[in-house]
Amino acid sequence: MRVLSVVGARPQFVKLAPIAQAASQVGVDHLIVHTGQHYDPLLSDVFFTDLRIPAPDFHLGVGSGSHGVQTGAMMAALDPILEDTRPDWVLVYGDTNSTLAAALSASKLHRKIAHLEAGLRSFNRRMPEEINRVLTDHASDLLLAPTQVALSHLTREGLAGKAVVVGDVMTDVLFEVRDRVADQSLALLSELNLMPQSYYVATIHRAENTEEHGRLAGIMHALAVVDKPVLLLAHPRVMARAEVLGVALSQGSLICHAPLAYPDLIAVVLSSAGVITDSGGLQKEAFLLRVPCTTVRSETEWVETVDLGWNVLANTPEEIAAAVTRPMPADTNAAPYGDGSAATKVIKELQRH
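Predicted, not measured: the structure shown is a model, and the values here were computed from it.

Overview of the layout of surface pockets
- Of the voids in this model, the second largest pocket is the one considered here, and its volume is about 290 Å³.
- Together, 16 residues line the second largest pocket, and Ala17, Pro18, Gln21, Val173 and Glu176 are the ones closest to its centre.
- Breaking the lining of the second largest pocket down by element, the ones donating at least two residues are helix H1 (10-25), helix H7 (169-181) and helix H16 (342-352).
- Broken down by element, the lining of the second largest pocket gets its largest block of residues, five residues, from H1.
- Taken together, the residues that form the lining of the second largest pocket break down as six nonpolar, five polar and five charged.

Here's the deal with the pattern of salt bridges
- According to the stated counting rule, one finds 18 salt bridges in the structure shown.
- Between Glu129 and Arg206 there is a salt bridge, with the nearest N and O atoms lying 2.9 Å from each other. Note that Glu129 is positioned in helix H5 (residues 128-139) and Arg206 in the loop between strand E8 (200-203) and helix H9 (207-210), a separation of 77 residues in sequence.
- Taking the relative accessible area as the measure of exposure, Arg206 reaches 7% and is therefore buried.

With respect to the nonpolar core
- Ile19, Leu51, Leu144, Tyr262, Val268 and Val269 are the most contacted members of the largest nonpolar core, which totals 69 residues.
- For Ile19, the contacting residues outside a window of four places in its chain are His30, Leu91, Tyr93, Leu116, Val169, Ala343, Val346 and Ile347.

Overview of the side chain of Gln283
- Inspection of the secondary structure assignment puts Gln283 in helix H13 (residues 280-288).
- Setting aside anything within four residues of it in sequence, one finds Gln283 in contact with Thr277, Cys293, Thr295, Arg297, Thr300, Trp302, Thr305 and Asn311.

Observations regarding the environment of Ala273
- Here Ala273 lies in the loop between helix H12 (262-270) and strand E11 (274-277).
- For Ala273 and Ser198, which are 75 residues apart along the polypeptide, the C-alpha to C-alpha distance reads 6.2 Å.
- Residues within four places of Ala273 in sequence aside, it is in contact with Gln197, Tyr199, Tyr200, Lys228, Val291 and Pro292.

Quick look at helix H11 (residues 236-245)
- Among all positions in H11, only Val238, Ala242 and Leu245 are buried. Seen end-on, H11 carries its buried residues on one side only, within an arc spanning 65 degrees. Set apart from the buried face of H11 by more than 90 degrees, the exposed residues are Glu243 and Val244.

Things to note about the packing of aromatic side chains
- Evaluation of the coordinates by the stated rule reveals three aromatic pairs.
- Aromatic pair Phe13 and Phe48: ring centres 5.3 Å apart, planes at 50 degrees, arrangement tilted. Remark: Phe48 occurs in helix H2 (residues 45-50) and Phe13 occurs in helix H1; sequence separation between them is 35 residues.
- For Phe48, a relative accessible area of 7% corresponds to the buried category.
- Their ring planes at 85 degrees and their centres at 5.9 Å tell us that Phe287 and Tyr337 sit as a pair that is edge-to-face. Of the two residues, Phe287 sits in helix H13 while Tyr337 sits in the loop between helix H15 (317-324) and H16, which places them 50 residues apart along the sequence.

Some thoughts on the pairing of E11
- In E11, alternate side chains face the same way, and those of Gly274 and Ile276 on one face and Val275 and Thr277 on the other are all buried.
- Bridge count for E8 against E11 is four bridges, and the pairing is parallel. In the strand pairing of E11, Ala202 is matched with Ile276.
- Direction of pairing for E11 relative to strand E12 (residues 293-295): parallel, over a ladder of three bridges. Directly across from Thr277, in E12, lies its bridge partner Thr295.

Let's talk about the sheet that holds E11
- Taking strand neighbours across the sheet as the criterion, the six strands line up as E10-E9-E8-E11-E12-E13 in an open arrangement whose pairing is parallel. Unpaired on one side and paired on the other, strand E10 (254-257) and strand E13 (311-313) mark the two borders of the sheet. Sheet twist, expressed as the mean angle between neighbouring strand axes with direction ignored, is 20 degrees.
- Sitting on the sheet, H13 touches E8, E11, E12 and E13, and the angle it makes with E11 is about 165 degrees.

A word on the packing of helix H4 (residues 97-108) against H5
- Closest axis-to-axis distance for the H4/H5 pair is 9 Å, and the angle between their directions is 25 degrees. Taken together, the axes of H4 and H5 lie roughly parallel to each other. For H4 against H5, the interelement crossing comes out left-handed. Contacts from Asn97, Thr99, Leu100 and Ala103 of H4 reach H5 at Asn132, Leu135 and Thr136.
- Grouping the constituent residues of the contact of H4 with H5 by class yields three nonpolar, four polar and no charged.

Considerations on the side chain of Thr96
- Relative to the helices and strands, Thr96 is located in the loop between strand E4 (89-93) and H4.
- A relative accessible area of 13% places Thr96 in the buried class.
- A polar contact is formed between the side chain of Thr96 and the side chain of Gln12, at a distance of 2.8 Å.
- A distance of 3.2 Å separates a polar atom in the side chain of Thr96 from the backbone nitrogen of Ser98.

Calculation rules
- Residues numbered from 1 in each chain as written.
- Predicted model: local features only at pLDDT ≥ 70, side-chain atom pairs only at ≥ 80, totals over all residues.
- Heavy atoms only, no water.
- 1 Å grid on protein atoms, 1.4 Å probe; cavity = no way out; pocket = protein on both sides within 12 Å on 5 of 7 lines; lining within 4 Å.
- Points joined across faces, edges and corners; volume = space filled by probe spheres on them.
- Helix = DSSP H or I, 4+ residues; strand = E, 2+ residues; numbered from the N terminus.
- Nonpolar A, V, L, I, M, F, W, Y, C, P; charged D, E, K, R; others polar.
- Salt bridge = Lys/Arg side-chain N within 4 Å of Asp/Glu carboxyl O.
- Buried < 20%, exposed > 50% of the residue type's maximum accessible area, 1.4 Å probe, protein only.
- Core = buried A, V, L, I, M, F, W, Y, C linked by side-chain atoms within 4.5 Å.
- Contact = heavy atoms within 4.5 Å.
- Arc of directions from axis to C-beta.
- Phe/Tyr/Trp six-rings, centres within 6.5 Å; stacked < 30°, edge-to-face > 60°.
- Pairing = 2+ DSSP bridges.
- Axes fitted to C-alpha atoms, helices over the stretch in contact; angles between N-to-C directions.
- Parallel < 35°, antiparallel > 145°, perpendicular 65-115°, else oblique.
- Left-handed = near helix turned anticlockwise from the far one by under 90°.
- Polar contact = N/O pair within 3.5 Å; in protein donor to acceptor, adjacent residues only side chain to side chain.

Written out as structure tokens, the structure is:
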């Protein structure tokens, strides 16, 4: 069996790591396409080293651009790869432009598509990620859902016949990395004079939070006045946008820093008092690490984190400040994202079908 994985952004590299390992263990011919959607080394190539992923077989080098330009360039580059390699499965991950481009290219060339993390819904069609995930689910031949909630969404859309719950592959790699860094002393914390549990970690990158001056300035001000230092891990695009808008990313409690390699990110989150983010993946990672999370959005795909009290949605500066400083949530043994064996189940399902 030949599987072609198509990835291009940080959360997808995290999901790819256990898939690559599980495929290797059973002798699956696994090829990797890196679209280049994230082209900064700290958001891209370094993940392959840190997560022990084989080097990509194909690197498209697409880079940035509008949604149409980026998706079209990926499709144009993917077509000849699909025709030359003729995979039994094209495996797509999550909800990025790389995901949709691979699904569209594969469907038109009659290659079978499996969608990992199928069935997630924010029900916000203003988000490009929501469009990507809905279209990909409907184009795919096999829907690999991470949770029962995701399966219920697919069932309502008439897709239950090609869906199966496998668990969440990010859980697999997170548990492995967590155990690896649990006793690690981070030079970064010493450098910034931060003690464990005495700071928060923040990532803010979505267009709705960073493109307009008033919105970005409001979020930064809310974080600047909380009760502990906030380590803001800022994407290069956000840094550039903030400079254009005249919004300071280092003010008050805010300490602006470049993105971290994945193991370092997990280590600083594990030692933190809380997370503030608009990222989908980091919400779930915080929950799995049992670190309180505040999500700067009006909705989330990972509703289990909210239902269990470890994640709070906050949209206004006042809501953000209140959520960040809330009491510690009640402990829970709930495991809605599986037991860390999702990647093995994914490979078995691809073989079975």
